[in-house]
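# Descriptive structure summary
As a plain string of letters, each chain reads:
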Amino acid sequence: MQPPVAARREHRQTHHGQVRVDHYEWLRRKDDPEVTAYLEAENAYTEERTDHLADLREAIFDEIKARTLETDLSVPTRNRGFWYYSRSFEGKQYGASCRVPVTDEADWLPPKPAEDCRPDEPALPGEQLLLDLNELAEGHEFFSLGGSSVSLDGRLLAYSVDTRGDERYTVRVKDLEHGDLLTDELTDVMGGVTWSRDGLDLYYATVDESWRPDRIWRHRLGTPQDDDELVYHETDARFWVGCGRTRSDRFLVVAAGSKTTSEYHVLDTDDPQAGWQVFAPRREGLEYSLEHAVLGGRDVFLVLHNATGADFEIGVAPVAPTDPEDWRPLVAHDPAVRLESVDAFRSHLVVHQRSEGLTQLRILGLDDTGVADDHLVEFDHEVYTVGSGGNPSFDQPVVRLGYTTLAVPSSVYSYDVRDRELTLLRRSPVLGGYDPDDYEEHRVWATSSDGERVPVSLVCRRGARDDGPIPFLLYGYGAYEMSIDPYFSVARLSLLDRGAGFAIAHVRGGGEMGRRWYDQGKLDHKRATFDDFVAAARHLVDTGWATPETLVCEGASAGGLLVGAVVNQAPELFAGVVAGVPFVDNLTTMLDASLPLTVTEYDEWGNPEADPEVYAYLAGYAPYDNVVAQDYPPILAETSLNDTRVLYVEPAKWVAKLRATATGRRDFLLRTEMVAGHAGVSGRYKSWQDRAFSLAWMLDRMGLADRSPQGAAPLPAGA
């Protein structure tokens, strides 16, 4: 089969006196049968070109499945008289959410299910099924649960679903006492909902034409959606909005934020007649968030803010509108420590922070006078990720935290603040005799083109490199201050056990090394992100970890932009590139304010429509615009037709231009999920198959397609 050839149709635009010609913009016509036929032809070509990997894909899928405990139970979380948990069942794509009553008010350690619990039996005594996601997904090729929330009295459950992948959710409300649905139905909702304190109202967000959450509504149960009250409308196109409730349940909050500026509106449910109040009016460049706490017997807001420094400070303010000048420091700004969030409980505060590229969990114990103690929860690994979660109760004396490394599976601990005792509640099982000690993890440092040291986290089987370089997968993201911290993956073992290594390049644009790391990798500093990734690849090669002949790189979304730019810059470094839902036509997107997310992204990428210097800078690195006549490594681009964040047309145009322009191998594949969104296919078995496809392609590029995983039987002939 010959690769599809997209028709060249000239599309001209003039910006700042410069003419830009795009021959593949016609592929943006999503509903055009010609576009559909082209995408289907690309899928057929990709299937034919990878047919020789079918047995390997099946083997990888079987390995993921064999390592996974398919009938399983999450660690129960305690909230308002119940223990909540989720269950998964062998052979089913989706799970179920359940709860059981709390039987001992003094015991904060969760109940444990019987070891021989069967899928058709309650996992715990008194189990109540809340939602069976398999039932909700029935008849839908795609299904995603946007969120679920139980009313404060425990009687009603509001949940949202998406059955297209476009992240427009429909909300329904279930009566948990009788099991039936209320007549209420809210459509085109962004994500989940927030309950009012009395359980009579739901608050939710909707989006505008450019997919920006811009309105917060109040829905009274039993009334039509058309009668809902508009609580807040954000008219600044750079800002988006969200709604929530403090852990103490006293305050409802509406947060409006851009990439650089915040503003919070609060409603005190102890005094609802006072109405919504602006805590601190927005000031350009001032970011803050609020958390209700009780310090020394006094109700206060904890204000996490950057008014005194880029890496944030935790201030204290009255539970009333307060100017930034009057926020009193509780945890002062420290340029060596990036404060990321603070959670307040009756007996303690939990601070998420990072230093030297590693996450940290900090506990501030409280007494009648205020903060009485300040310490870190410490672990021994060289490279790890720690964070708290599943802590909904303001009165709980323990902190539920998660811990993982590149080799240690996700682990859930309970940390008792009273005696500093750390109890392992669960480590995600990896079947088949998995032992983390069979793998080695390291943090190495690459030197970028400007002399900046870039952290790189890596893992491989212990001793794999003793005889020389090994094939490697190098992953990166580098945008939005999102940190790609070390994490465990069952699917990744199919690479590692065949002799490959895995590395994360913590490039600028992310938040791993503090706010400066982000600032130095966005706007007119964006190219530092690409330079860092190239430096990480060269470091792996120069220090004997890898060779260009078997080094594959991967990035998704903004990480797809990263690998797309890098492969223009240094194609000789890589044996293959996997670009997932890649943001590779960013100049076109940022020139069109009507497209989803464009205006809200100006503070990240710049506004090329208004500023000729920004236009020139983006045009100088945009992956699609900078495809040239050179030999590129093989590229697998994966996208979804209903993605509203990065439109399918970006990788479609990119692959078409690569085929028409590149010299040498010209080995480019485009794979489009025709019913999915930004996160790809839904359902765990489908997602395993999807990942097996990508991993098989990578192993082929690495020269490991015929390698059996260590300790496993040989693959079938032809794999």
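A quick note: this is a predicted structure, and the numbers were derived from the prediction, not measured.

## Comments concerning the sheet that holds strand β16 (residues 240-245)
Within the open sheet, the four strands sit side by side as β16-β17-β18-β19. Their pairing is antiparallel. Single-partner strands in this sheet number two, and they are β16 and β19 (277-278). Bridge count between β16 and strand β17 (residues 251-257): six bridges; the pairing is antiparallel. Along β17, the bridge assignment pairs Val-241 with Ala-256.

## Considerations on unusual backbone geometry
Even without a glycine there, the phi angle at Tyr-480 is positive, about 60°. Mapped onto the fold, Tyr-480 is located in the loop between β34 (472-475) and α4 (493-496). Relative accessible area serves as the criterion here: at 23%, Tyr-480 is assigned to the partly exposed category. The backbone phi angle of Leu-523 is positive, close to 50°, even though this residue is not glycine. Locating Leu-523 in the fold gives a position in the loop between α5 (515-519) and α6 (527-542). What makes Leu-523 partly exposed here is its relative accessible area of 30%.

## Digging into the pairing of strand β38 (residues 635-640)
Burial runs high along β38: six of the six residues are buried. What you see with β38 is no split at all: Ile-635, Ala-637 and Thr-639 on one side and Leu-636, Glu-638 and Ser-640 on the other are buried throughout. By the bridge criterion, four bridges tie strand β37 (residues 576-580) to β38 in an arrangement that is parallel. Note that in β38 the partner of Ala-579 across the bridge is Ala-637. Of the pairings in the sheet, the one linking β38 to strand β39 (residues 668-673) comprises six bridges and is parallel in character. What sits directly across from Leu-636, in β39, is Leu-669. Viewed along the sheet, the connection from β38 through helix α11 (residues 649-661) into β39 turns out right-handed.

## Looking at the side chain of His-15
Relative to the assigned elements, His-15 resides in strand β1 (residues 11-15). Exposure remark for His-15: the relative accessible area of 13% places this residue in the buried category. Beyond its immediate sequence surroundings of up to four residues, His-15 is in contact with Leu-591 and Tyr-615.

Conventions and cut-offs
Residues numbered from 1 in each chain as written. Predicted model: local features only at pLDDT ≥ 70, side-chain atom pairs only at ≥ 80, totals over all residues. Heavy atoms only, no water. Pairing = 2+ DSSP bridges. Helix = DSSP H or I, 4+ residues; strand = E, 2+ residues; numbered from the N terminus. Buried < 20%, exposed > 50% of the residue type's maximum accessible area, 1.4 Å probe, protein only. Right-handed = clockwise from strand over helix to strand, strands pointing away. Contact = heavy atoms within 4.5 Å.

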